[in-house]
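# Coordinate inspection notes
Residue strings, one per chain:
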Amino acid sequence: DPFQKNVLLFLEINKMKDDKDLTERWIKRLHKQAPQDIREALQPYGYYIPEIQADLTEVEGKWLATYTVDLGTPVAINKKDIQWSGEGSDQPVFQRSIEDYNKNAGNILIHADYETAKNTFMNTALSQGYPKAKFIKSEWLIDLDKNSADLTLHMDTGPLYYFGDITFKQDFLDPDLLEKYITIEKGTPYSYDALLEFQQNLIASNYAKEVTIAPLFKEAVDKQLPLNVIMKPIAPHKFLFGIGYESDAGIRGSARWDNRLLNRHGHHSAVL
């Protein structure tokens, strides 16, 4: 683990071993394909040139496929070309993100680490007010003769956006009631974390079962980004039933009915 586990997931001959319709011809074909399956399974961990010994034997109609794998040496990263461009590229936070990556990244080409780094860079842009950040170039070039790789990651921050007007798209609550649940201040830089906090605050109000916040990029003026907040109401009626036991009275039951959306002002009532 994890190499053997991933190899078994990739190996077609392993996945089809219990197929009752598997013929001798098909077994031999899957066995011939197996070394390539093994290579593909090991590449995400940086092992591109393993040595594989494959054997297939048959005794009285039962087949045994054996693969002995020498992982070899993983692909080493020879060069890293990581760059930010765009409106926010000179901001310290973006330059620091590159420094942090170079400091913490290993020297082996591990696919998952590279994808994690890409997500981290994009999350940095989203948290700093650049929702249009994008990858201009993202690739790794592998030289199998040298067993090395060159990484390239060029990113554009895009323009800096600010939060604009907020419009609630709902018809079951008074707009004045919703004002106290707004956690975003108009004119502050766009932030995905701020949007998430706003959304969670509205859901916690217990008025809406679903809240979707949609930034309106096409309607942005001077990078002021308006937001549409689409809310779907909770079911207005809720019934609760319970059962308990008291030494004097024995088994007792209870019931409660809640009207959770009595009116547009958010009032509710309960009947026991």
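Residues numbered from 1 in each chain as written. Predicted model: local features only at pLDDT ≥ 70, side-chain atom pairs only at ≥ 80, totals over all residues. Heavy atoms only, no water.

Summarising the element assignment, Leu173 is placed in the loop between strand E6 (162-169) and helix H6 (175-179). Look at Leu173 and you get buried, because its relative accessible area is 0%. Sequence separation of Leu173 and Pro233 is 60 residues, and the distance between their C-alpha atoms is 9.0 Å. (Helix = DSSP H or I, 4+ residues; strand = E, 2+ residues; numbered from the N terminus. Buried < 20%, exposed > 50% of the residue type's maximum accessible area, 1.4 Å probe, protein only.)

Looking now at the packing of aromatic side chains. Within the structure shown, the criterion is met by eleven aromatic pairs. Seen in terms of ring centroids, Phe163 and Tyr190 are 5.5 Å apart; in terms of plane orientation they differ by 40 degrees. Their pairing is tilted. Of this pair, Phe163 sits in strand E6 while Tyr190 is found in the loop between H6 and helix H7 (192-204), placing the two residues 27 residues apart along the sequence. Take Tyr190: its relative accessible area is 6%, and that puts it in the buried class. The structure contains a cluster of three or more aromatic residues connected by ring pairs, namely Trp84, Phe94, Tyr101, Phe121 and Tyr130. When the ring centre of Phe135 is taken as reference, the NZ or CZ atom of Lys118 above it lies at 5.1 Å. Sitting above the plane of the Phe217 ring, Lys132 keeps its charged end 4.3 Å from the centroid. (Phe/Tyr/Trp six-rings, centres within 6.5 Å; stacked < 30°, edge-to-face > 60°. Lys NZ or Arg CZ within 6 Å of the ring centre and 35° of its normal.)

For the rest of this paragraph, the subject is the confidence of the model for the protein chain. Taken over all residues, the pLDDT of the protein chain has a mean of 88, while the share at 70 or more is 86%. Residue range residues 255-260 is modelled with pLDDT below 50. Its contacts to residues more than four positions away, or to other chains, number 34 contacts. Confidence over residues 265-271 falls short of pLDDT 50; this stretch has 22 contacts with residues more than four positions distant or in other chains. (pLDDT = per-residue confidence, 0-100. Contact = heavy atoms within 4.5 Å.)

Locating Thr152 in the fold gives a position in strand E5 (residues 148-156). What Thr152 contacts, discounting residues up to four positions off in sequence, is Asp81, Tyr114, Lys137, Ser138 and Glu139.

So, on to the pairing of E5. Of all nine residues making up E5, seven are buried, and the element is well covered by its neighbours. Summarising the sheet, strand E4 (residues 134-143) and E5 pair through nine bridges and their orientation is antiparallel. By the bridge assignment, Lys137 is partnered in E5 with His154. If you look at the hairpin formed by E4 and E5, you'll find four residues sitting between the two strands, and Asn147 has a positive phi there, around 55 degrees. (Pairing = 2+ DSSP bridges.)

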